[in-house]
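Structural description and commentary
So the chains spell out like this:
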Amino acid sequence: MRALSLFSGIGGIDLAAEWAGIETVAFCEYADFPRKVLNKHWPNVPIFKDVKDLNRAALEKEGVIDRNRTIELIHGGFPCQPYSVSGEQKGKEDDRDLWPEMSRVVEELRPNWVVGENVANFANMELDRTISDLESFDYQTTTFVLPALAVGAEHQRLRTFVVANSYGIDVERCSEIQIPWGENYRGSFTQEALRKSIEDPQYINPDYAELIMGFPIKWTELNH
C-alpha cells in the first residue's frame, strides 16, 4: 500500500505504517526541524512543505504518482491547537484549522483509505464536520478514542482517530491488530528507568521523551 503522509511531524504515524508494511511515498510537513528528522529516516522520500500547495499536479511533478501509481492511503495528524483543551478551542474559526486542506487533498486523490488523528477533545468539537466531509466523498467512517496505554505505552494520552475506507468495510468489526514494537521500542530503557523518571523529574530527557511517544531511541538526533 502506498501512503501520502500529511502533517507528518517527526514521522510517528509513518513509523507505525512502516511496521505494518505500508510504504510512505511522500511527506508534507511545514516545520524545518521535523523535515530534517524525516529526511534522516526516509532520505529518498520527497517532502512537501505547505499542505495548501499540495495537489495532484505537485505530486505528479515530483514523480510520486502517475497513471500506473496511485495513493492508496492518506493519513495525517492535522494541527490540534484549534481543539486542544490547553488552547482557546476556536475550532474552525482558528486559522490553524487545516482539516479543510486535508479534506481537499482527499477529495482530489480519492485514496482507498483515510486516517486522521487529533486530540481527544476534537471528538467534542469538529468530528461531525470531518465525518460529513468523508461521507460526502462516499467513504464509510468510524471513530476511535484510544489512550497510548492501549498500545503498550506508559501514559494515557487520549487521541481521536478517524478511519475511513471506500470499500464499505465496517472497520469496527475488523480483527485486533497486533503492533510489532520490536527491540528498538524499549531500547536500553527498563521498568527501573521508567520508575526513576517518574520519581525524579530531572531524569526526563530527549531519549525518555522518545520512549514514551513510542519512537526508537535517538530518533530525533541529527548528524552534525
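One can find the structure itself at the top, above this paragraph.
This paragraph deals with the sheet that holds strand β6 (residues 140-146). Through backbone hydrogen bonds, the strands of a sheet pair up, either in parallel or in antiparallel fashion. The strand order across the open sheet built from 7 strands is β3-β2-β1-β4-β5-β7-β6, with neighbouring strands paired in mixed fashion. The open sheet has two edge strands with one neighbour each: β3 (47-48) and β6. As judged from the 7 bridges shared by strand β5 (residues 113-119) and strand β7 (residues 159-165), these two strands associate in the antiparallel manner. Bridge pairing in β7 links N118 to T160. Running over the sheet, helix α6 (residues 127-136) touches β5, β6 and β7 and is turned about 150° from β6.

Moving on to the nonpolar core. Grouped together as the largest cluster of nonpolar side chains are 33 residues, with contacts concentrated most on L4, L6, L59, I74 and M102. When residues in this core are grouped by element, the largest group, 5 residues, is from helix α4 (residues 99-109). In this view, L4 contacts A26, L54, L59, I71, L73, I74, H75, V105 and L109; residues no more than four positions away in its chain are not counted.

Attention shifts here to the side chain of T130. Among the structural elements, T130 can be located in helix α6. Beyond its immediate chain neighbours, meaning those up to four positions away, T130 contacts W99, F122 and V162.

Quick look at the side chain of N118 now. Along the chain, N118 turns up in strand β5. Of the residues examined, N118 reaches a relative accessible area of 2% and is grouped as buried. A polar atom in the side chain of N118 sits 2.8 Å from the backbone oxygen of F78. For N118, the contacting residues outside a window of four places in its chain are F78, P79, C80, Y83, R159 and T160.

The description of two aromatic rings rests on the distance between their centres and on the angle between their planes. The tally for this structure, following the rule as stated, stands at 7 aromatic pairs. Centroid distance W42 to W219: 5.7 Å. Interplanar angle 70°. Geometry classified as edge-to-face. Placement of W42 in the loop between α2 (32-41) and β3 and of W219 in the segment after α9 (206-212) is noted, with a sequence separation of 177 residues between them. Overall, W42 belongs to the buried group, its relative accessible area being 9%. Between the aromatic rings of F78 and F122, the centroid separation amounts to 5.3 Å while the plane-to-plane angle is 75°, which identifies the pairing as edge-to-face. Taken together, the positions of F78 in the loop between β4 (73-76) and α4 and F122 in helix α5 (residues 122-125) put the pair 44 residues apart, joining distant regions of the chain. A relative accessible area of 0% places F122 in the buried class. Here the aromatic residues F27, W42, F215 and W219 are joined through ring pairs into a cluster of three or more. The ring of Y30 is capped by K49, whose NZ or CZ atom sits 4.9 Å from the centre of that ring.

Cut-offs used in this document
- Residues numbered from 1 in each chain as written.
- Predicted model: local features only at pLDDT ≥ 70, side-chain atom pairs only at ≥ 80, totals over all residues.
- Heavy atoms only, no water.
- Pairing = 2+ DSSP bridges.
- Helix = DSSP H or I, 4+ residues; strand = E, 2+ residues; numbered from the N terminus.
- Contact = heavy atoms within 4.5 Å.
- Axes fitted to C-alpha atoms, helices over the stretch in contact; angles between N-to-C directions.
- Core = buried A, V, L, I, M, F, W, Y, C linked by side-chain atoms within 4.5 Å.
- Buried < 20%, exposed > 50% of the residue type's maximum accessible area, 1.4 Å probe, protein only.
- Polar contact = N/O pair within 3.5 Å; in protein donor to acceptor, adjacent residues only side chain to side chain.
- Phe/Tyr/Trp six-rings, centres within 6.5 Å; stacked < 30°, edge-to-face > 60°.
- Lys NZ or Arg CZ within 6 Å of the ring centre and 35° of its normal.

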